[in-house]
Amino acid sequence: MKPLCTLIVVLFVCITSFAQPPRIIILATGGTIAGEGASADRAAYTAGKVPIESLLKAVPGIEKIAAITGEQIANVGSQDMSIDIWLKLNKRINEIFANNEADGIVITHGTDTQEETAYFLNLSVRSGKPVVLTGSMRPSTAISADGPKNLYDAVTVAANTRSGGRGVMVVFNESIFDGRDVSKGSTTKVDAFRSPNLGPIGQVYDGKVIYYMNPIRKADKETPFDISTQKVLPKVGIAYMYADAEAGAINNFVKEGYKGIIIAGVGNGNFNKAFYDAIAAAVKKGLVVVRSSHVGSGRVTQFDEVDDKNLGTIVSDDLNPQKARILLMLGLTQTSNKDILQSYFFKY
Ligand code: ASP
């Protein structure tokens, strides 16, 4: 009799837990997805106006995919995204997963700096559970607004049991992108995101999620970047190289006490004599200088036209300048050893 009772209890627990819909928390930060215009003509609008509750009401059927709750973390156009908001997001996400409050998280976010937030969280979230960012190119009041579909797809991906362990992702226009490689590739089109080096890792269509690749450059539970007590991050600036550029930006970063500089170089992270001399002086003063490129895709390789050993620079691998800045800021919270920092660029 006793084993039979145990079996019935086990079956009951299994059935009721299978019946539970996945729990998804939406963390809203603003952006065009929460944008509002005076009319359906979308030429003029203000990003970050509409609260998360109203966004959810515009997505019919979303409540059937998951048990959803929303929290407003910020309400800004993502051109105003800040390290403060990043630290707040990181803290709340780590807390949600540590307390088992959700099975997945969706973040609504402006598109302008979405790639930066995705990579920041890819490096700093201490969990393998799904975290998905999305947004829109058209405000919620526009004809054919793309936000509701993107939000529906993002929740579909975050609620899918196969979405864990793939790092932080961006879901946009039916594609699933890895948070490390994804980059904004169009200023105005609804097909706004690309993975310039590796391509999207999957697709979401008709409520179904299909993966083709699994990103290996992610931090997950083993992240070395514990920023839970951090109130600020070490200052890192980006200096943009172009024909006949002067080195004012680099000199200014040194003067302002920055800890690191990313060079948005030409080609394979190259620069002219003015940059070379200013970089040499910055390195002598103890700043960490990373060579990246503004080409938009491809790797920056060591010891090519630039003698990194002699100059004391390190390279970004295939991270674009804005992503290299994030890794250097997080890296500098742990160490100022250039070999270790370089190893981060080859690992994450
Ligand atoms: N400027 C807006 C933002 O990044 C653009 C967008 O969301 O598409 O918040």
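Residues numbered from 1 in each chain as written. Predicted model: local features only at pLDDT ≥ 70, side-chain atom pairs only at ≥ 80, totals over all residues. Heavy atoms only, no water.

Draft legend 1. How the structure looks around the site of the ligand. In the vicinity of the ligand, the contacting residues are G31, T32, G77, S78, Q79, G110, T111, D112, S136 and M137. T111 places a side-chain nitrogen or oxygen 2.4 Å from an oxygen atom of the ligand. One of the side-chain nitrogen or oxygen atoms of D112 is found 2.8 Å away from a nitrogen atom of the ligand. Assessed atom by atom at 2 Å from the grid points, the ligand resides in the largest pocket. Looking at the shell around the ligand residue by residue, the classes come out as one nonpolar, eight polar and one charged. (Near = heavy atom within 4 Å. Polar contact = N/O pair within 3.5 Å; in protein donor to acceptor, adjacent residues only side chain to side chain. 1 Å grid on protein atoms, 1.4 Å probe; cavity = no way out; pocket = protein on both sides within 12 Å on 5 of 7 lines; lining within 4 Å. Sits in = over half its atoms within 2 Å of the grid points. Nonpolar A, V, L, I, M, F, W, Y, C, P; charged D, E, K, R; others polar.)

Draft legend 2. Just the UniProt feature "domain: Asparaginase/glutaminase C-terminal" (unreviewed entry) in the protein chain, in detail. Here, UniProt's "domain: Asparaginase/glutaminase C-terminal" (unreviewed entry) annotation points to residues 235-345. In residues 235-345, the share of helix is 40% and the share of strand is 17%. The end C-alpha atoms are 18 Å apart. (UniProt positions renumbered as here; feature names shortened; annotations may be inferred. Helix = DSSP H or I, 4+ residues; strand = E, 2+ residues; numbered from the N terminus.)

Draft legend 3. Focus on the layout of surface pockets. Computed from the structure, the largest pocket encloses a volume of approximately 210 Å³. What lines the largest pocket is a set of 15 residues, and nearest its centre among them are T32, Y45, T111, D112 and K184. Its residues assigned to classes, the lining of the largest pocket comprises three nonpolar, nine polar and three charged. (Points joined across faces, edges and corners; volume = space filled by probe spheres on them.)

Draft legend 4. Seen up close, the pattern of salt bridges. Going through the model one piece at a time under the given rule, you end up with 12 salt bridges. Across the pair D112 and K184 runs a salt bridge, and its minimum N-O distance is 2.9 Å. Linking D112 in the loop between strand 5 (104-108) and helix 5 (114-124) with K184 in strand 9 (residues 183-184), this pair joins segments that are 72 residues apart in sequence. When its relative accessible area of 40% is taken as the criterion, D112 is described as partly exposed. On the basis of relative accessible area, K184 is assigned to the partly exposed category, the value being 22%. Close ionic contact of K149 with E174 constitutes a salt bridge, the shortest N to O distance being 3.2 Å. Here E174 lies in the loop between strand 7 (169-172) and strand 8 (175-178) and K149 lies in helix 6 (residues 147-159), a separation of 25 residues in the sequence. Owing to a relative accessible area of 36%, K149 belongs among the partly exposed residues under this scheme. With relative accessibility at 28%, the residue E174 sits in the partly exposed group. Members of the salt-bridge network, linked through shared partners, are E71, R92, E95 and E101. (Salt bridge = Lys/Arg side-chain N within 4 Å of Asp/Glu carboxyl O. Buried < 20%, exposed > 50% of the residue type's maximum accessible area, 1.4 Å probe, protein only.)

Draft legend 5. Spatial organisation of the packing of helix 4 (residues 83-98) against helix 5. One can describe the packing of helix 4 onto helix 5 by two numbers: an axis separation of 11 Å at closest approach and a directional angle of 45°. In terms of orientation, helix 4 and helix 5 fall into the oblique class. When the axes of helix 4 and helix 5 are compared, the crossing they make is right-handed. Only E116, T117, F120, L121 and S124 of helix 5 make contact with helix 4, whose side of the interface consists of W86, L87, L89, N90, I93 and N94. In the contact of helix 4 with helix 5, the residues fall into six nonpolar, four polar and one charged. (Axes fitted to C-alpha atoms, helices over the stretch in contact; angles between N-to-C directions. Parallel < 35°, antiparallel > 145°, perpendicular 65-115°, else oblique. Left-handed = near helix turned anticlockwise from the far one by under 90°. Contact = heavy atoms within 4.5 Å.)

Draft legend 6. Just the packing of aromatic side chains, in detail. Here the structure, examined in full by the defined rule, presents seven aromatic pairs. Relative to Y276, the ring of F271 lies with its centre 6.5 Å away and its plane at 50°, an arrangement referred to as tilted. Geometrically, the ring pair formed by Y344 and Y348 is tilted, given 6.1 Å between the ring centres and 55° between the ring planes. For Y344, a relative accessible area of 12% corresponds to the buried category. Through pairs of rings, three or more aromatic residues link up here, namely F225, Y344 and Y348. A cation over an aromatic ring shows up here: R166 above the ring of Y211, its NZ or CZ 3.6 Å from the ring centre. (Phe/Tyr/Trp six-rings, centres within 6.5 Å; stacked < 30°, edge-to-face > 60°. Lys NZ or Arg CZ within 6 Å of the ring centre and 35° of its normal.)

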